[in-house]
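The chain contents come next:
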Amino acid sequence: MSTLLKLFASGDVVTLPLPDGAFRPAPSPNPLPNMDVINQGQGDVRSLIRPNVKQPEAPSVAAWEHGTLLTLADWLKRDAANADAPVGIVLMPTDDPLALAGRLDGLAVIAVEFAKFSDGRGYSIATLLRSRLGFKGEIRAVGDVLIDQLFAMARCGIDSFALRGDQDVEVAKRAFETFPAVYQWAADERDFVLATQANLERAAA
Amino acid sequence: MYIYNAIDQSIVDARVKQFADQTERYLSGRISEDEFKPLRLQNGVYVERHSPLLRVAIPYGLLSSRQLSMLAQIGRKYDRGFGHFTTRQNIQFNWVKLEQVHEILADLASVQMHAIQTSGSCIRNVTTDHLAGVAHDERVDPRPLAELMRQWSTLNPEFAFLPRKFKVAYNGAVEDRAASEVHDLAFDVYRDEAGEVRLTVKVGGGQGRTPRVAPVIKTGLHWRDMLSYTEAVLRTYNRWGRRDNIYKARIKILVDALGAERFGEEVEQEFAHVQGGPATLAASELERMTAFFGAPAYHSAVSGDQDEARHRLADPRFNAWVKRNVAKHKRDNYGAVTISLKPLGIAPGDATSDQMDAIADLADRFSFGQIRVSHHQNLVLADVARSDLWALYQALEALGLSEPNVGLATDIICCPGGDYCALANAKSIPVAAAVQETLAAKAQDIGTLAIKMSGCINACGHHHVGHIGILGVDKKDEEWYQILVGGRTDTKTALGQIVGKAIPREAVAPTIERMTDFYLANRKGGELFIDAVERLGKAAFHDAAFQADPTQTSPSPQIQEAN
């Protein structure tokens, strides 16, 4: 079991249990860092750099609470009028979210794959789903969904989070309040600091 | 300079708290090594050969005396009593303990400083001309725009995990003192005929493994669209930049693959959607930001100007210092003084805590309490009355900081190299020291000569754009050095070319000396070294460097032919 966090516009966070297959399981436990080694440096690390990173081929989750997650290609092939039950799809980092233009009806949830937490394509994918396509349904982060990325994910319009199996739910819930203010516009449409035209108009309204 | 308001402060304070919490979770095993690494990098923490290192952001190189004093204190309290100024206008502390970093960040936050995004695959600290605001050849002071970029890029959620690092630089003058064209994103700032501030945008420059001069992809961009356009560039890069190979992940590779024109079209399509959108800056914003960078209370008429001339006649070293270290200021009765951090025997860019404190005091006495860091790894007091030059010089001399070598062969840009850096192929500091020693006596005669040294292909020491570049390479676990010639970044940008084969460490200084001797023997009138290279050709310098040395262990092709 893991937990799904759902973030509401009010800022409230609700937790729901997630079945196996709907989240990435916990990796094996971390060894405790050896501070003597770290504070003495790591010597010459050139030989440790592995330049080639394999691209993910399959999503890390296959399901959500109401069934399986379709791939983008499967969804686009499907006859839209056919959909009677709510449908969930998963977008891989290489998928083009703009391919969903005109095909959002009937989609209840779009899962965005974070195959590796350091692969930032999902942030742009979510941003485009919200701000370019105007998707109003649930956007769910799946894969390497870690506490320290939740704040940025939420800012990009992601509003549900299938936490990886090892993440501490209570710490995760607090992550949405990490920063009391933000400088720039993002797809969450939160108030921001920079004096932009939009901000001035909002203040005047 | 920009002064934080309560909101700016709250963001930086929250960042300190966040990192303290992350460190605690890492130390207790709740965050893995791999997952902690980008978190620490985005707060400027590397783990180097012998110790963790903390890189502190100095936005566009501008510091108050109070901030410099805090850096001095941090050097004393958490390091070994010194700091290292970098080629990106930042400062690094080479000997910190990981578990103390959050305390250092809290000290920094108390003087409106941080280490946010000084490393990692994100938008890095913004850099610009160290003479911004005082340069005689300036079109527009770029610092207000650089500060807007700093704020926009700080903790930008969409671009926190780019394919690779992303460096932004601004140039607002005729001479590009920011080396902007070797940055991922470069803005040339100017005023159009109607007086509106506009930008020329260049993308995909850089050094490292694949050196590139950034091509122009947009002209006439209105400043109010600066952030929207940057968003379009970054979204394009974030989505399409390569992530399969870290050596091919910089934006320059994407720009290369698509071609600048095609890449520009891609950005333009995205820009069409976001132009006029929520990132469009308010019309009043440039004025509001410019107010932070207003001119200090300059004296209008200063008596005692004749002192400068009198002392210059009487003291040849002071004369050399004024010639080399005092740059022309937009006001005739002021000068911009560079404090060289390149005296003999000191690693280029290093300053002790005591020196930092002393320089902070001198800034208060002579330059309105502000200091700039140049990408040449020197410090600058940008607003010194010419009538104060002699007093300032004497004070600097007492501190061992009056080396009159700015822009000379001994003013070497140099990365920390194999003495510190875990990535280096070869040491840099001893090589720079040998070159400095060898050329010290001739440096004034040689005149302007930019020697730049990197200990590996990542090019932190900018070897591609040195008039003479030195690159450390690894051959079968031995340290060798490649020499480049002909690079520059001033009124134009050019990449140097490798001359000859790699040579051992002890051969570097003599090889470079043969090149400078060749220049001295063949220069015409006031011709600079780099101009002589362009007139006589790189091959001539190659021959001078390599053919004259019968002990050359790694013969050049020409010598092989002669055999």
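Structure: see above.
Below you will find a few notes about this structure. These figures come from a predicted structure and were not determined experimentally.

Points about the packing of aromatic side chains
Working definition: an aromatic ring pair is given by the centre-to-centre distance plus the angle between the planes. Tallying each qualifying case throughout the model produces 25 aromatic pairs over all chains. Taking the centre distance of 6.2 Å and the plane angle of 45° together, the rings of tryptophan 152 of chain B and phenylalanine 159 of chain B count as tilted. Each of the two residues, tryptophan 152 of chain B as well as phenylalanine 159 of chain B, counts as buried. The ring of tryptophan 75 of chain A has arginine 103 of chain A sitting right over it, with the charged end atom 5.0 Å from the ring centre. The side chain of lysine 475 of chain B reaches across the aromatic face of tryptophan 480 of chain B, ending 4.4 Å from its centre.

A look at the sheet that holds strand 9 (residues 197-203) of chain B
All names here are of chain B. Sheet architecture is open: five strands sit in the order 6-7-8-9-10, paired in mixed fashion. Of all the strands in the sheet, just strand 6 (127-128) and strand 10 (216-222) have a single pairing partner and so form its edges. Judged from the four bridges that link them, strand 9 and strand 10 form a sheet pairing that is antiparallel. When the bridges of strand 10 are listed, arginine 198 appears paired with histidine 222. Taken strand by strand, helix 8 (residues 260-274) contacts strand 9 and strand 10, and its axis lies near 35° from that of strand 10.

Comments concerning the sheet that holds strand 3 (residues 62-64) of chain B
All names here are of chain B. Within the open sheet, the five strands sit side by side as 3-14-15-12-11. Their pairing is antiparallel. This sheet does not close on itself; its edge strands, each paired only once, are strand 3 and strand 11 (326-328). For this sheet, the mean inter-axis angle between neighbouring strands, taken without regard to orientation, is 35°.

Side note on the interface of chain B and chain A
Across the contact, 70 residues belong to chain B and 58 residues belong to chain A. Roughly 5,400 Å² of surface becomes buried between chain B and chain A when both sides are summed, with 58% attributable to carbon and sulfur atoms. Taken as a group, Pro157, Phe161 and Arg239 of chain B account for 13% of the area that chain B buries against chain A, more than any other trio of residues on that side. Applying the counting criterion to the chain B and chain A interface returns five salt bridges. A salt bridge links aspartate 96 of chain A to arginine 239 of chain B, with the shortest nitrogen-to-oxygen separation between them at 2.7 Å. The tally of links from chain B across to chain A stands at 22 residue pairs in polar contact (both at pLDDT 80 or more). Of all the secondary structure elements, the ones that give two or more residues to the side of chain B that touches chain A are helix 1 (6-27), helix 2 (33-41), helix 5 (143-153), helix 6 (226-240) and helix 8 of chain B. Looking at which element gives the most residues to the side of chain B that touches chain A, the answer is helix 1 of chain B, with 11 residues.

Concerning helix 8 of chain B
Spanning 15 residues, helix 8 of chain B covers 21 Å between terminal C-alpha atoms, matching the ideal 21 Å at 1.5 Å per step. Listing the buried residues of helix 8 of chain B in full gives Phe263, Gly264, Glu266, Val267, Glu270, Phe271 and Val274 of chain B. Buried residues in helix 8 of chain B, looked at end-on, bunch into an arc of 160°, giving them a common side. Of the exposed residues in helix 8 of chain B, those oriented more than 90 degrees away from the buried face are Glu261, Gln269, Ala272 and His273 of chain B. In this structure, the buried side of helix 8 of chain B is in contact with helix 3 (121-132) of chain A together with strand 9, strand 10, helix 6 and helix 7 (251-258) of chain B. Positive phi appears at glycine 276 of chain B, one or two residues downstream of helix 8 of chain B, with a value of about 80°.

Side note on the environment of glycine 81 of chain B
All names here are of chain B. Relative to the elements of secondary structure, glycine 81 occurs in the loop between helix 3 (65-78) and strand 4 (82-85). Separated by 272 residues in sequence, glycine 81 and serine 353 place their C-alpha atoms 5.3 Å apart. In contact with glycine 81, other than residues within four places in its own chain, are Gly75, Arg76, Thr352 and Ser353.

What about the pairing of strand 7 (residues 138-143) of chain A?
Residues and elements named next belong to chain A. Within strand 7, six of the six residues are buried, leaving the element largely enclosed by the surrounding structure. Going residue by residue along strand 7, you find Glu138, Arg140 and Val142 tucked away on one face and Ile139, Ala141 and Gly143 tucked away on the opposite face as well. In terms of handedness, the path from strand 7 via helix 4 (residues 150-155) over to strand 8 (residues 160-162) forms a crossover that is right-handed.

Re the nonpolar core
Counting 118 residues, the largest nonpolar core has Leu71, Phe85, Leu145, Tyr170, Met226 and Trp321 of chain B as its most contacted members. Here this core gets seven residues from one element, more than from any other, and that element is helix 6 of chain B. Not counting residues up to four positions away in its chain, the partners in contact with leucine 71 of chain B are Val56, Ile58, Leu63, Ile91, Phe93, Leu108, Met113 and Met356 of chain B. Core analysis: the second largest hydrophobic core is formed by 40 residues, Leu5, Leu146 and Ala172 of chain A together with Phe161 of chain B among them.

So, how was this worked out
Residues numbered from 1 in each chain as written. Chains lettered and ligands numbered in written order. Predicted model: local features only at pLDDT ≥ 70, side-chain atom pairs only at ≥ 80, totals over all residues. Heavy atoms only, no water. Phe/Tyr/Trp six-rings, centres within 6.5 Å; stacked < 30°, edge-to-face > 60°. Buried < 20%, exposed > 50% of the residue type's maximum accessible area, 1.4 Å probe, protein only. Lys NZ or Arg CZ within 6 Å of the ring centre and 35° of its normal. Pairing = 2+ DSSP bridges. Helix = DSSP H or I, 4+ residues; strand = E, 2+ residues; numbered from the N terminus. Contact = heavy atoms within 4.5 Å. Axes fitted to C-alpha atoms, helices over the stretch in contact; angles between N-to-C directions. Buried area = accessible area lost by both parts, 1.4 Å probe. Salt bridge = Lys/Arg side-chain N within 4 Å of Asp/Glu carboxyl O. Polar contact = N/O pair within 3.5 Å; in protein donor to acceptor, adjacent residues only side chain to side chain. Expected span 1.5 Å × (residues − 1). Arc of directions from axis to C-beta. Right-handed = clockwise from strand over helix to strand, strands pointing away. Core = buried A, V, L, I, M, F, W, Y, C linked by side-chain atoms within 4.5 Å.

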